[in-house]
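A closer look at the structure
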Amino acid sequence: MDITRSSPAPVRVVAVPPEPEPADLTVLPEPTTVEPLQPLPTAPATASVTATATDVRGRRRRNRPRDLLALLRPGQWVKNLAVVPLALLDTHPWGTAAFLRTGWAVLGFTLASALVYVVNDLADRERDRLHPVKRHRPIASGRVSTLAAVVLTGALALALTGWAVAGPAWQWWPTALYLALSLAYSQGLKHVPLVDAFIVATGFVLRLVQGALLIGAQMSEWLALCVFSLCLMLALGKRRHEMTAAGRAHRPALRGYTLAFLDHLVVLVAVLTAVSYVLYLRDDASLAAGASLVTLLSAPCAVFGLARYLQLLLVEEGGGNPVHVLFRDRATLVNAALWAVLVALALLLPQSPA
């Protein structure tokens, strides 16, 4: 046998499946039964959406009085309570008529300031929507419609007119001047650097003038300067906070400021506030006999209050809302209480003989 030759490969047998029989086209196929589609449960979802929309409308109706009140900014009314009664410092002894007339002045400026707040929010509603905090205001957020705000403006204007007519003749001119300055502020002066802050501070001096005019007191120039410089410091501090929180795009007037410039201005005005306060106590305040020691003790309280505000503004980056900053800080509250006790002792004790 020749082993060099390979044996032939085995033949592989592959089974071929049988060809299918041709279909009989004369026989129709049996119809297939198809289950009908069940309708989707849309009724409960629709009812849920309707209920949600109804709840939202109900909440809007319930919140509308609250939103209208928030539009008047009742938290800012403390400014009138703090500034207008300062005119009583130059009146001694105090009487019921003086307190009633002071309350009348507070009412007038509360109506006037509320009117200004609504007008400003109407004018700034588009710009406020770009601010991280102000976008939650009633008009900017859409909780109060423009029409409702216009109607509220008319009601406040009528109430303020009634206040002026019912009060003493021609003694409402500080409130009228405040409204004129505020309207000019809303129409364009708020975009002018420095002018915007000075107009805000002037409004607080007009509050003091209104209180002094209604109670018939002689207003101290040093007290007016102290109020002006203090409120100017708070206005500049608010500008600084806005610049750090939202940049210069939110308020056009911020383009005329820098952080270093505002820091210098705030410190300068704080010094002016402290000096004018001490000069008021020395020259014009109606102090009791032997109140020089009390006056000396109250001066450090004033300086501490200013220093604490500067610390909150420059170190802790606060100052966006001066009212909240000053009335929620414990150190400021304790200092203000001690200060008030010392000033009350200096004013309420018997006066020295002329």
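Here's what I pulled together on the structure shown here. All values derive from a computational prediction rather than experimental measurement. (Residues numbered from 1 in each chain as written. Predicted model: local features only at pLDDT ≥ 70, side-chain atom pairs only at ≥ 80, totals over all residues. Heavy atoms only, no water.)

1. As for the overall build of the chain
When you go through the chain residue by residue, the secondary structure sums to 13 helices and 0 strands. Starting at the N terminus and ending at the C terminus, the chain contains elements arranged as α-α-α-α-α-α-α-α-α-α-α-α-α. By residue count, 38% of the 354 residues in the chain fall in the buried class. Intrachain contacts of the chain at a sequence separation of at least 6 include 75% that bridge at least 24 residues. For the chain, the computed accessible surface area is about 21,300 Å², with 68% contributed by carbon and sulfur atoms. (Helix = DSSP H or I, 4+ residues; strand = E, 2+ residues; numbered from the N terminus. Buried < 20%, exposed > 50% of the residue type's maximum accessible area, 1.4 Å probe, protein only. Contact = heavy atoms within 4.5 Å. Areas by Shrake-Rupley, 256 points an atom, 1.4 Å probe, with all protein chains shown as cover.)

2. Describing the nonpolar core
Membership of the largest hydrophobic core comes to 42 residues, with the highest contact counts inside it found for Leu208, Val227, Leu232, Met233 and Leu236. Put simply, the parts of the chain that give this core at least two residues each are α8 (195–215), α9 (221–246), α10 (259–283) and α11 (292–315). Counting residues per element, this core draws most heavily on α9, which supplies 12 residues. Counting 22 residues, the second largest nonpolar core, distinct from the first, contains Ala112, Leu115, Val118 and Leu122. (Core = buried A, V, L, I, M, F, W, Y, C linked by side-chain atoms within 4.5 Å.)

3. With respect to α8
The end-to-end C-alpha distance of α8, which contains 21 residues, comes to 31 Å, matching closely the 30 Å that a straight helix rising 1.5 Å per residue would cover. Within α8, 16 of the 21 residues are buried, which leaves the element mostly enclosed by the surrounding structure. Where α8 ends, the next residue or the one after it, Gly216, has phi of about 75°, a positive value. (Expected span 1.5 Å × (residues − 1).)

4. Some remarks on the packing of helix α3 (residues 96–123) against helix α7 (residues 173–187)
Relative to each other, α3 and α7 sit at 10°, their axes nearing to 10 Å. The angle between α3 and α7 falls in the class roughly parallel. Mapping the contact onto sequence places Gly108, Phe109, Ala112, Ser113, Leu115, Val116, Val119 and Asn120 in α3 and Pro174, Thr175, Tyr178, Leu179, Ser182, Leu183 and Ser186 in α7. (Axes fitted to C-alpha atoms, helices over the stretch in contact; angles between N-to-C directions. Parallel < 35°, antiparallel > 145°, perpendicular 65-115°, else oblique.)

5. Quick look at the packing of aromatic side chains
Two measures describe an aromatic ring pair: the distance that separates the ring centres and the angle between the ring planes. Applying the stated criterion across every chain yields a total of 6 aromatic pairs. For the ring pair Trp104 and Trp163, a centre distance of 6.1 Å and an interplane angle of 20° mean the geometry is stacked. One end of the pair, Trp104, is in helix α3; the other, Trp163, is in helix α6 (residues 146–166), with 59 residues separating them in the sequence. Judged by relative accessible area, Trp104 falls into the partly exposed class, the value being 29%. Seen from their ring centres, Phe109 and Tyr178 are 5.1 Å apart, and the 55° between their planes marks the pair as tilted. One end of the pair, Phe109, is in helix α3; the other, Tyr178, is in helix α7, and 69 residues separate them in sequence. Given the relative accessible area of 8%, Tyr178 is considered buried. (Phe/Tyr/Trp six-rings, centres within 6.5 Å; stacked < 30°, edge-to-face > 60°.)

6. Points about the packing of α3 against α6
Between α3 and α6, whose axes approach to 9 Å, the crossing angle comes to 155°. By the angle between their directions, the pair α3 and α6 is classed as roughly antiparallel. Considering only the axes of α3 and α6, their crossing is left-handed. Along its contact with α3, which presents Trp104, Ala105, Leu107, Gly108, Leu111, Ala112, Ala114, Leu115, Val118, Val119 and Leu122, the element α6 presents Thr146, Ala149, Val150, Leu152, Thr153, Leu156, Ala157, Ala159, Leu160, Trp163 and Ala166. Partitioned by chemical class, the residues of the contact of α3 with α6 number 19 nonpolar, 3 polar and no charged. (Left-handed = near helix turned anticlockwise from the far one by under 90°. Nonpolar A, V, L, I, M, F, W, Y, C, P; charged D, E, K, R; others polar.)

7. Observations regarding the side chain of Ser276
Residue placement: Ser276 occurs in helix α10. For Ser276, the side chain forms a polar contact with the main-chain oxygen of Thr273, separated by 3.0 Å. In this structure Ser276 touches Trp222, Leu225, Cys226 and Ser229, once residues within four positions along its chain are discounted. (Polar contact = N/O pair within 3.5 Å; in protein donor to acceptor, adjacent residues only side chain to side chain.)

8. Side note on the pattern of salt bridges
Enumeration according to the criterion identifies 12 salt bridges in this entry. Notably, a salt bridge pairs Glu126 with Arg129, separated by 2.8 Å at the nearest N-O pair. One salt-bridge network, in which partners are shared between bridges, spans Arg73, Asp121, Asp128 and Arg137. (Salt bridge = Lys/Arg side-chain N within 4 Å of Asp/Glu carboxyl O.)

9. What about the state of the cysteines?
One pass over the full model with this rule turns up 0 disulfides. With no disulfide of its own, Cys226 has Cys231 as its nearest cysteine by sulfur position, at a separation of 9.0 Å. Assessed through its relative accessible area of 11%, Cys226 is described here as buried. (Disulfide = S-S within 2.5 Å.)

10. Side note on the environment of Tyr280
Along the chain, Tyr280 falls in helix α10. Between the C-alpha atoms of Tyr280 and Ala224, which are 56 residues apart in sequence, the distance is 9.3 Å. Each residue touching Tyr280, except ones within four places of it in the same chain, is listed here: Leu89, Asp90, Ser220, Trp222, Leu223 and Ala285.

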